[in-house]
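These are the residues of each chain, in order.
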Amino acid sequence: MFTPKVQLQKTLSSLGYYCHQGAQASFSDNEIPAITFRVDNNSVNLDLSNEIASQDINVVVDIWADDSITASQVLSEVEEVMRLDGYQMTYSADVSQPKGCLFHTNCRFITVHIE
């Protein structure tokens, strides 16, 4: 079975931003902008011999920044490197934040990994 976490960490870290696997994290000032990610689904599809034929993989990426423009710039960079790794962005949203909090963009990616 393919587990994508190491590949995702390497891909997203290559952008040069702080990158952490997990839904949320605390950041220090020098870690912003930041990217967090998690695998939301990694389900297997079996062939007639009960072997793994492929896997459906869904990844959630969150971007944290001090301003909206930076968050959008990081989103563009994330989409590009994920696409180069065979992922398709299926969703992106600016998440409302209380005054004084970080700007937050949430996006989701899918791919099918074939054995």
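Caption draft 1: Inspection of the environment of Phe-109 at higher detail. Following the sequence through the fold, Phe-109 ends up in strand 5 (residues 103-114). The class of Phe-109 is buried, set by a relative accessible area of 1%. Along the primary structure Phe-109 and Val-60 are separated by 49 residues, whereas in three dimensions their C-alpha atoms are 6.5 Å apart. The residues touching Phe-109, leaving out its near neighbours within four places in the chain, are Ile-57, Asn-58, Val-59, Val-61, Val-78, Glu-79, Met-82, Tyr-87, Gln-88, Met-89 and Thr-90.

Caption draft 2: Representation of the nonpolar core in the model. The biggest cluster of nonpolar side chains holds 19 residues, and the ones touching the most others in it are Leu-12, Ile-35, Val-59, Val-61, Val-78, Met-82 and Phe-109. Looking at this core, the elements with two or more residues in it are helix 1 (5-13), strand 2 (34-46), strand 3 (52-65), helix 2 (68-84) and strand 5.

Caption draft 3: Representation of the environment of Glu-51. If you trace the backbone, Glu-51 turns up in the loop between strand 2 and strand 3. Sequence separation between Glu-51 and Asp-40 is 11 residues, and the spatial gap between their C-alpha atoms is 22 Å.

Caption draft 4: A look at the environment of Val-61. Positionally, Val-61 belongs in strand 3. Residues Val-61 and Phe-37 lie 24 residues apart in sequence; the distance between their C-alpha atoms is 4.4 Å. Discounting chain neighbours no more than four positions away, the residues touching Val-61 are Leu-12, Ile-35, Thr-36, Phe-37, Val-78, Thr-105, Asn-106, Cys-107 and Phe-109.

Caption draft 5: Molecular detail of the pattern of salt bridges. Throughout the structure, instances matching the rule amount to two salt bridges. Where Arg-83 meets Glu-79, a salt bridge forms, and the shortest distance between an N and an O atom there is 2.7 Å. Here Arg-83 pairs with Glu-79, and both are found in helix 2, just four residues apart, close to one helical turn. Overall, the relative accessible area of 48% leaves Arg-83 in the partly exposed class.

Caption draft 6: Highlighting the sheet that holds strand 5. The five strands lie next to each other as 1-2-3-5-4, forming an open sheet whose pairing is mixed. This sheet does not close on itself; its edge strands, each paired only once, are strand 1 (18-21) and strand 4 (88-95). Pairwise comparison of adjacent strand axes, ignoring direction, gives a mean angle of 20° for this sheet. When strand 1 meets strand 2, the two strands line up parallel, connected through four bridges. When the bridges of strand 2 are listed, His-20 appears paired with Thr-36. Packing against the sheet, helix 1 makes contact with strand 1, strand 2 and strand 3, and its axis sits at approximately 145° to strand 2. The sheet strands contacting helix 2 are strand 2, strand 3, strand 4 and strand 5, and the helix crosses strand 3 at an angle near 160°.

Caption draft 7: Quick peek at a nonpolar patch on the surface. On the surface, a nonpolar cluster with roughly 290 Å² of combined accessible area is contributed by Met-1, Val-44 and Leu-46. Mapped onto the elements, Val-44 comes out in strand 2.

Caption draft 8: Up close: unusual backbone geometry. Each neighbour pair has its own omega, and for Ile-32 with Pro-33 the value is 0°, a cis peptide bond. If you trace the backbone, Pro-33 turns up in the loop between strand 1 and strand 2. If you check the backbone angles, Asn-50 has positive phi at about 65° while not being a glycine. Within the secondary structure layout, Asn-50 lies in the loop between strand 2 and strand 3.

Rules and cut-offs
Residues numbered from 1 in each chain as written. Predicted model: local features only at pLDDT ≥ 70, side-chain atom pairs only at ≥ 80, totals over all residues. Heavy atoms only, no water. Helix = DSSP H or I, 4+ residues; strand = E, 2+ residues; numbered from the N terminus. Buried < 20%, exposed > 50% of the residue type's maximum accessible area, 1.4 Å probe, protein only. Contact = heavy atoms within 4.5 Å. Core = buried A, V, L, I, M, F, W, Y, C linked by side-chain atoms within 4.5 Å. Salt bridge = Lys/Arg side-chain N within 4 Å of Asp/Glu carboxyl O. Pairing = 2+ DSSP bridges. Axes fitted to C-alpha atoms, helices over the stretch in contact; angles between N-to-C directions. Patch = residues over 30% accessible without salt bridge, like charges linked within 9 Å, V, L, I, M, F, W, Y side chains within 5 Å. Areas by Shrake-Rupley, 256 points an atom, 1.4 Å probe, with all protein chains shown as cover.

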